[in-house]
Amino acid sequence: MDKKKLILVGNTVDEDWPFRRGVEKATGSPWDVKVCVINQYNGIKKYTRFLTYFLGPMALFFQRKRYSHIISWEQFLGLITVFFLRLFHVKNPPQITIMALIYKPKKGLIGRVFEWFVRYTVTSDYVHKIVVYSQSEVDYYADYFGVSKDKFATELLGVADRPDLYSDAQPEEPYYVAAGRSNRDYAFLREAWPKDEAPLMIICDVEKSEDTANIKYLKNCHGDEYLRLLAGARAALVPLQSEKFSSGQLVFLQSAMLGKPVITTPNDTVPDYIDQGRTGLIIPKTPEALAQALDTLRDPETYQQMCRNARRAFEDRFSLFELGRRVGTHALRGAGK
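Residues numbered from 1 in each chain as written. Predicted model: local features only at pLDDT ≥ 70, side-chain atom pairs only at ≥ 80, totals over all residues. Heavy atoms only, no water.

Novice: Whenever I open this one, the sheet that holds strand β11 (residues 262–264) confuses me. Can you help?
Specialist: Paired through their backbone hydrogen bonds, the strands of a sheet run either parallel or antiparallel. Strand order in the open sheet formed by six strands is β9-β8-β7-β10-β11-β12, and the pairing between neighbours is parallel. This sheet does not close on itself; its edge strands, each paired only once, are β9 (215–218) and β12 (280–282). When strand polarity is set aside, the average angle formed by the axes of neighbouring strands in this sheet is 20 degrees. In this structure, strand β10 (residues 236–238) lies alongside β11, joined through three bridges in parallel fashion. When the bridges of β11 are listed, L237 appears paired with I263. (Pairing = 2+ DSSP bridges. Helix = DSSP H or I, 4+ residues; strand = E, 2+ residues; numbered from the N terminus. Axes fitted to C-alpha atoms, helices over the stretch in contact; angles between N-to-C directions.)

So, in structure tokens, the structure goes:
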């Protein structure tokens, strides 16, 4: 029996998922999709979803002989699958490509266990290829984990287009959106946001701060609700904590899809996604720089041009189909050790 090829995802996707079509275009063969839903944040599912991180890969471990190749869209589903393969010294395993590795060291005992786990999996020969979203990450992770750079491939992230969210209608009052949880410095925004500026909506389910006069925290805003809020915003803000770790790309791309400029702080990966002065503004982390960036966007001609540039960049560089096509090519190439 011929073995199948599989894409492992952590959220539901359409049958006509562009990433899958891109992978199939590059490889010339069909790919199954296995969904292990880990993006549920309401009620008890907010906690039980963590079990899925292990139960999904465990089920896949027992089904491994069905597959010749696996692409894991979500890093930890792929890493945990590799963990089981290495732990039990599996022979003739499927060739596994893991996407979007993001590793940030943690403190204490949990941090040491976490580092051991990531190192145990990343350095394994069961990992065929790791896709990251900037060249700086290839250099950093290869050095940090002591593995060959050939183990990594760098690609620009892509997201599915959502034309149903486009709208020319403007909200009654302007507002800004800051979103995401990884490597964010919302304390900077809270301190630097001008008192007389339009409201800022900070969308983060782990944020502990309370509302102020013109900053509102949305701790249960996900999926289409979040995207519709972003679609109505004047711009997106992405304040980053560390300049080393890959962060913010999804918000960058979602903003570009919706034709919204981005104000962000420096990071090694930011220049791959934000064209300074054309699709967004990369600023030092100071109140003065933030105020100047907001003032720049108040100019109607500058603002409209940046909106057009952002949408054009999405169409030219950040489609999900193109990402699938490129990742599919990496998945079939010879393994890096």
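Novice: Would you take a moment to explain the sheet that holds strand β6 (residues 152–154) for this structure?
Specialist: The sheet built from six strands is open, its strands ordered β2-β1-β3-β4-β5-β6 with parallel pairing. Unpaired on one side and paired on the other, β2 (32–35) and β6 mark the two borders of the sheet. Adjacent strand axes in the sheet meet at a mean angle of 20 degrees when their direction is disregarded.

Novice: In this structure, what is going on with the pattern of salt bridges? I would like to understand it.
Specialist: Under the criterion given, the structure shown has 18 salt bridges. For R326, the salt bridge identified is with E155, shortest N-O distance 2.5 Å. Placement of R326 in helix α11 (residues 320–332) and of E155 in the loop between β6 and β7 (176–179) is noted, with a sequence separation of 171 residues between them. Accessibility classification places R326 together with E155 in one group, the buried group. Among the ionic pairs, E315 bridges to R311, the shortest N-O distance being 3.0 Å. (Salt bridge = Lys/Arg side-chain N within 4 Å of Asp/Glu carboxyl O. Buried < 20%, exposed > 50% of the residue type's maximum accessible area, 1.4 Å probe, protein only.)

Novice: Is there a simple way to explain α11 in this structure?
Specialist: Since the α-helix advances by 3.6 residues per turn, residues separated by three or four positions end up pointing in the same direction. Counted at 1.5 Å a residue, the expected span for α11 with its 13 residues is 18 Å, and the 19 Å between its end C-alpha atoms agrees. Among the residues of α11, L320, L323, G324, R326, V327, G328, H330 and A331 are the ones counted as buried. Contacts made by the buried residues of α11 are with α1 (18–27), β3 (67–72), β4 (95–99), β5 (127–132) and β6. (Expected span 1.5 Å × (residues − 1). Contact = heavy atoms within 4.5 Å.)

Novice: Would you take a moment to explain helix α10 (residues 300–317) for this structure?
Specialist: The end-to-end C-alpha separation of α10 is 26 Å, in line with the 26 Å expected for 18 residues at 1.5 Å each. All of the buried residues along α10 are Y303, M306, C307, N309, A310, R311, A313 and F314. Buried positions along α10 lie against α8 (249–257), β12 and α9 (287–297).

Novice: Whenever I open this one, the pairing of β7 confuses me. Can you help?
Specialist: A regular strand places its side chains so that they alternate between the two faces of the sheet. The alternating pattern of β7 places Y176 and A178 and V177 and A179 on opposite faces, both of which are buried. In the sheet, β7 pairs with strand β8 (residues 200–203) via four bridges, with the strands oriented parallel. Bridging across to β8, Y176 finds its partner in L200. Handedness of the crossover joining β7 and β8 through helix α6 (residues 186–192): right-handed. In this sheet, β10 lies alongside β7 in parallel orientation, the contact comprising two bridges. Residue pairing in the sheet places A178 in a bridge with L237 of β10. (Right-handed = clockwise from strand over helix to strand, strands pointing away.)

Novice: Even after reading the chapter, I still don't get a nonpolar patch on the surface, so can you show me in this structure?
Specialist: A cluster of nonpolar side chains, L51, L55, M58 and F62, forms an exposed patch at the surface whose accessible area comes to about 450 Å². Turning to its location among the elements, M58 is positioned in helix α2 (residues 45–62). Residue classification places M58 among the partly exposed residues on the basis of a relative accessible area of 36%. (Patch = residues over 30% accessible without salt bridge, like charges linked within 9 Å, V, L, I, M, F, W, Y side chains within 5 Å. Areas by Shrake-Rupley, 256 points an atom, 1.4 Å probe, with all protein chains shown as cover.)

Novice: Mind showing me how you'd approach the packing of α1 against α11 here?
Specialist: Between two packed helices, what matters for the description is the angle formed by their axes and the separation of those axes. Direction vectors running N to C along α1 and α11 enclose 45 degrees, while the axes themselves pass 6 Å from each other. By the criterion of interaxial angle, the relationship of α1 to α11 is oblique. In terms of crossing hand, the pair formed by α1 and α11 is right-handed. In contact with P18, F19, R21, G22, V23, K25, A26 and T27 of α1, α11 contributes L320, F321, L323, G324, R325, V327, G328, T329 and L332. (Parallel < 35°, antiparallel > 145°, perpendicular 65-115°, else oblique. Left-handed = near helix turned anticlockwise from the far one by under 90°.)

Remember that the coordinates give geometry; whether it matters functionally is a separate question.
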